[in-house]
Amino acid sequence: MTDKRKVRKAVFPVAGLGTRFLPATKAVPKEMLTVVDKPVIQYVVDEALEAGIEHLIFVTGRSKAVIEDYFDIQVELDQTLRERNKKAEIALLDGILPKAGTTSFTRQQAPLGLGHAVWCARELVGNEPFALLLPDMIMKGEKGCLKGMVELYEQSGGNVIAVEECAPDQAHKYGIVGVGDKVGEGFKITKMVEKPAPGTAPSNFFINGRYILQPEIFPILEKQERGAGNEIQLTDGMLKLSDNQQFAAYHFRGDTYDCGAKDGFILANVAFALERGDIRPTVEGPLKSLLGSLK
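Since the model is a prediction, treat every value here as computed from it, not as a measurement.

With that settled, consider the overall build of the protein chain. Helix and strand counts for the protein chain stand at 11 helices and 13 strands. Computed over the C-alpha atoms, the radius of gyration of the protein chain is 20 Å, within 12% of the 19 Å expected from 2.2 N^0.38 for a compact globule of 295 residues. Dimensions of the protein chain, computed from C-alpha atoms along their principal axes, come out at roughly 60 × 50 × 35 Å. Burial status across the protein chain gives 46% buried among its 295 residues.

Structure follows, in structure tokens:
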């Protein structure tokens, strides 16, 4: 592929029900659960903005209006903070507020899978490449995952998927890619296999929830038959797209936390708390004591 149009838009599929976190998610969207003092979705949006994304597109569902409210001004709170001269808090909230007109929201009325959620964003994305960030996954590294992907995209064009390495005997749990020629901080993808049978995986590089895709994926997803789980699977659509377009893999070398799972969510809270100078001094000791008490 020689198409290297700038990646300006990012899609966030936030319509999921969050059943793994019931009962909390009965009233609070899973994307709004906090890691230390920021919602999970804020970490993912920050990653997109760091990579130069200009337009944030959220594919939402029922009971997710609080996400839209979060990325807006809360008039009563803003007024109260200003009356009380809470400059630090005002600056904090101003810093996370997207510029007017740079966020869009569309509905996925039925839970028909990730591929369907991406397709729901087609009119807002238009005919240009876009980033796709799964909102459950937050990354921590010297360089943001999507920023590294954009840098690779500027070299390779086409489509880019972020990957990480897993233990070879764990490859059957993930979507795995085949390794081709080296490109920048990654490599060309020779194949994609969803949860290969044990011992058959083409590599130990698994897809970690970050994508840069060309708009030609939309007509494919529109006609895509339902696959695993009776859902429209994004991987199936990417496999068809790969018949005509190049896919490259960006090798992310940081830490990834699956905040859609309880263990990943807990580990993310610990990891990000220990990075905070205002929190580490008061939690490091008790954490060591807790770990020391394990038998």
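Taken as a whole and assessed by the stated rule, the structure comprises 10 aromatic pairs. Summarising the aromatic geometry, the rings of Y70 and F71 are spaced 4.9 Å apart at their centres and angled 85° between planes, so their arrangement reads as edge-to-face. F71 gets classed as buried once you look at its relative accessible area, which sits at 6%. Summarising the aromatic geometry, the rings of F130 and F218 are spaced 5.2 Å apart at their centres and angled 15° between planes, so their arrangement reads as stacked. One end of the pair, F130, is in strand β6 (residues 130-133); the other, F218, is in helix α8 (residues 217-222), and 88 residues separate them in sequence. For the pair F130 and F218, a shared accessibility class is recorded, and that class is buried. Chaining the aromatic ring pairs together yields one cluster made of F12, F58, Y70, F71 and F105. R122 extends its terminal NZ or CZ atom over the ring of W119, reaching a point 3.7 Å from the ring centre.

Quick look at the nonpolar core now. Ranked by size, the top nonpolar core spans 44 residues in total, and within it F12, V35, F58, I138 and L146 carry the most contacts. By size, the runner-up hydrophobic cluster in this structure holds 31 residues, among which are V11, I217, I232 and M238.

On the surface, I73, V75 and L97 cluster together into a nonpolar patch covering about 260 Å² of accessible area. Here V75 lies in helix α3 (residues 75-83).

The subject of this paragraph is the pairing of β6. The side-chain alternation of β6 yields two buried faces, one formed by F130 and L132 and the other by A131 and L133. Bridge count between strand β1 (residues 9-13) and β6: three bridges; the pairing is parallel. Its bridge partner being in β6, K9 is matched across the sheet by F130. The sheet contact formed by β6 and strand β11 (residues 205-213) spans four bridges and is antiparallel. From the neighbouring strand, L132 faces β11, where its bridge partner is Y211.

Bringing the state of the cysteines into the picture now. The final tally for this structure, using the stated rule, is zero disulfides. As a non-bridged cysteine, C145 has C259 as the owner of its nearest cysteine sulfur, 14 Å distant. The structure places no disulfide on C166, whose sulfur is separated from the nearest cysteine sulfur, that of C145, by 16 Å. For C166, a relative accessible area of 11% translates into the label buried.

Glancing now at the packing of helix α10 (residues 262-274) against helix α11 (residues 280-292). For any two helices packed against each other, the geometry comes down to the angle between their axes and how far apart the axes lie. Two elements in contact, α10 and α11, have axes separated by 9 Å at closest approach and are oriented at 130°. When the interaxial angle is binned, α10 and α11 end up oblique. Touching V270, A273 and L274 of α10 are R280, V283, E284 and L287, all from α11. A breakdown of the residues in the contact of α10 with α11 according to their chemical character gives five nonpolar, no polar and two charged.

Now for the pairing of strand β9 (residues 175-183). As defined by bridge partners, β9 adjoins strand β10 (residues 186-194) across six bridges and the pair is classed as antiparallel. Each bridged residue has a counterpart across the sheet, and for V177 the counterpart in β10 is M192.

Negative phi is the rule for most residues except glycine; trans is the rule for most peptide bonds. P23 follows L22 through a cis peptide bond whose omega is 10°. Phi is positive for V36, close to 60°, though the residue is something other than glycine. On the secondary structure map, V36 appears in the loop between β2 (34-35) and β3 (38-39). Non-glycine residue S63 carries a positive phi angle of around 70°. Turning to its location among the elements, S63 is positioned in the loop between β4 (55-60) and α2 (65-70). Under the relative-accessibility criterion, S63 is labelled exposed at 65%.

Rules of the game
Residues numbered from 1 in each chain as written. Predicted model: local features only at pLDDT ≥ 70, side-chain atom pairs only at ≥ 80, totals over all residues. Heavy atoms only, no water. Helix = DSSP H or I, 4+ residues; strand = E, 2+ residues; numbered from the N terminus. Rg over C-alpha atoms; globule rule 2.2 N^0.38 Å. Buried < 20%, exposed > 50% of the residue type's maximum accessible area, 1.4 Å probe, protein only. Phe/Tyr/Trp six-rings, centres within 6.5 Å; stacked < 30°, edge-to-face > 60°. Lys NZ or Arg CZ within 6 Å of the ring centre and 35° of its normal. Core = buried A, V, L, I, M, F, W, Y, C linked by side-chain atoms within 4.5 Å. Patch = residues over 30% accessible without salt bridge, like charges linked within 9 Å, V, L, I, M, F, W, Y side chains within 5 Å. Areas by Shrake-Rupley, 256 points an atom, 1.4 Å probe, with all protein chains shown as cover. Salt bridge = Lys/Arg side-chain N within 4 Å of Asp/Glu carboxyl O. Pairing = 2+ DSSP bridges. Disulfide = S-S within 2.5 Å. Axes fitted to C-alpha atoms, helices over the stretch in contact; angles between N-to-C directions. Parallel < 35°, antiparallel > 145°, perpendicular 65-115°, else oblique. Contact = heavy atoms within 4.5 Å. Nonpolar A, V, L, I, M, F, W, Y, C, P; charged D, E, K, R; others polar.

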